[in-house]
Amino acid sequence: MDRLVIEGGVALRGEARVSGSKNAALPILIATLLTDEDCILDNVPARLRDIRLTCRLLEALGKRVEAAGTRVVVRSDKPLKTRAPYDLVKQMRASVLVAGPLLARFGWVRVPIPGGCAIGMRPIDIHLKGFADLGARRTLDQGDIILDSPLRPGSVRFKFPSVGATENLMLAAAALPGLTVIRNAAREPEIEDLAAFLDSMGARVSGAGTPVVKVRGSQRLKGARHRVMADRIEAGTLMLAAAATGGDLMVSGVRPAHVRALTLKMRRAGAVVKESAAGLRVSMRGRPRPVSVATAPYPGFPTDLQAPWMAWMCLARGRSRVLENVFEKRFLHAAELARMGARIALLGRRAEIEGVERLSGAPVMASDLRGGAALLVAALAARGRTELARVYHVDRGYERVESKLRGVGARVRRVGR
Ligand code: UD1
């Protein structure tokens, strides 16, 4: 198993270009199940494990997938299956998104219930309630959910703006002739990217990016081409790494509006963040002021940047707090940060961070994707050497992270076991 060896204390400088968004690419790849024509997707972070798993899932369902660089072509040359294999679903929770398109098209689908994961239970009740509101019946067999009876367009209201449930229902609605309205929908930019793709396939989607999404679907959706949006979470992680190392970094390719919640907090903490059409330039000198954050659905402070933010606040000149409102146990990184000298107290969904003057390198272990990113940010800023184990967690969401960081001055290398 790979580890990253990081010699900390080098300020990041130069320009880093962000990759295509994993979280946008996943539902868009799955949307290709809505058509029997070919689809061409560009700017796909195709090396990421979750993207490779999604391609395998599409193949298991009957698609043919060709990936070259950041282009993925999804072809159809045989009938689709409506049963998703457990060995793939258990490895990636987003697989549950195949339920929407397959159920809407074929009136029957069988999908294993994805288990919990390190950051929480992650139930799918909101997805299921949405399908039930559109007429689905469900039964449970051997840990699989079977949904049947033809869906009809209609009206759905979520109790919480779940990103995955919004996507799943949009994917279903796109295949249903007539109007489906989703209320209290998630507003994340990835939802807008999915809407744009569904639009180019021939569905009519309005309101994506607002709490009310309307989808006018069609039984015959076309193949389409799409360029996946830039990864705002990767961008945010690079911004924090730049600030934590006292660097001056251009993070290019990302839409500044997509990371505004972070930008505003970073400015309050003392970083200089300049927005432009090309991306964001971040520079920072010295230790940050302590600034507290509370995570919330978009446009609030993203839960996916909570851990990297905490890593930076470990160096603040005083005490700050983090309140995690989206996932119930997303503080696994705190104990590992403590190994590097951080002073963090946890109480349920709250963390209190007493800033220290410096962190010091140590052998640490990634516990989950963004927790691993936090350790990386801390390691880049720390004095001395850090060995980051279980880097496969980080590889789920950051493409070639070590070469991107090396390109902006960091001393990072990957070693095998
Ligand atoms: C997506 C992102 C993930 C991000 C999260 C929140 C992808 C592939 N992943 O995950 O990186 O951290 O949004 O921004 O896009 N919930 C329920 N019942 C449900 C669905 C969700 O209780 O049916 C809960 C979850 O357990 C969690 C919260 O709602 O506590 C948010 O989940 P959701 O918005 O659905 O996140 P994902 O789509 O899983």
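For the structure, see preceding data.
Keep in mind the model is a prediction, meaning the values are calculated, not measured. (Residues numbered from 1 in each chain as written. Predicted model: local features only at pLDDT ≥ 70, side-chain atom pairs only at ≥ 80, totals over all residues. Heavy atoms only, no water.)

Student: Can you walk me through helix α8 (residues 232-244) in this structure?
Tutor: In an α-helix, one turn spans 3.6 residues, which is why side chains three or four residues apart end up on the same side. Taking 1.5 Å of rise per residue, 13 residues should cover 18 Å, and α8 covers 18 Å from first to last C-alpha, within 8% of that figure. In terms of burial, α8 is largely enclosed, as 13 of its 13 residues are buried. Backbone nitrogen of I233 and a side-chain oxygen of the N-cap are separated by 2.9 Å at the start of α8; the cap is D231. (Helix = DSSP H or I, 4+ residues; strand = E, 2+ residues; numbered from the N terminus. Expected span 1.5 Å × (residues − 1). Buried < 20%, exposed > 50% of the residue type's maximum accessible area, 1.4 Å probe, protein only. Polar contact = N/O pair within 3.5 Å; in protein donor to acceptor, adjacent residues only side chain to side chain.)

Student: For this particular structure, what's the right way to read the environment of A374?
Tutor: By the element assignment, A374 lies in helix α12 (residues 369-381). Taking C-alpha positions, A374 is 9.2 Å from A334, a pair spaced 40 residues apart along the chain. Discounting chain neighbours no more than four positions away, the residues touching A374 are A307, P308, A311, H333 and L337. (Contact = heavy atoms within 4.5 Å.)

Student: What is the right way to read the site of the ligand from this model?
Tutor: Taken together, 17 residues are adjacent to the ligand, and D125, I126, S162, D304 and V326 come closest. Within the backbone of I126, an N or O atom sits 2.7 Å from an oxygen atom of the ligand. Between D304 and the ligand, the recorded distance is 2.6 Å, taken from a side-chain N or O atom to an oxygen atom. Summarising the interface, the protein chains cover 84% of the accessible area of the ligand, which totals 730 Å² for the free molecule. Mapped onto the shell around the ligand, the elements with two or more residues apiece are α1 (22-31), α5 (125-133) and α6 (163-174). With 3 residues, the top contributor of residues to the shell around the ligand is α5. Residues from two domains meet in the shell around the ligand; each of domain 1 (3-18 + 230-415) and domain 2 (22-227) gives at least three. (Near = heavy atom within 4 Å. Areas by Shrake-Rupley, 256 points an atom, 1.4 Å probe, with all protein chains shown as cover. Domains from an automatic or database assignment.)

Student: Would you mind going over the pattern of salt bridges with me for this structure?
Tutor: When charged atoms on two side chains of opposite charge get close, those side chains can pair. Applying the stated rule across the entire model yields 29 salt bridges. For R3, the salt bridge goes to E387, with nearest N and O atoms at 2.4 Å. Linking R3 in strand β1 (residues 3-7) with E387 in strand β22 (residues 385-389), this pair joins segments that are 384 residues apart in sequence. By relative accessible area, R3 is classed as partly exposed at 24%. Linked by salt bridges that have partners in common, D38, R64, E66, R75 and D77 make up one network. (Salt bridge = Lys/Arg side-chain N within 4 Å of Asp/Glu carboxyl O.)

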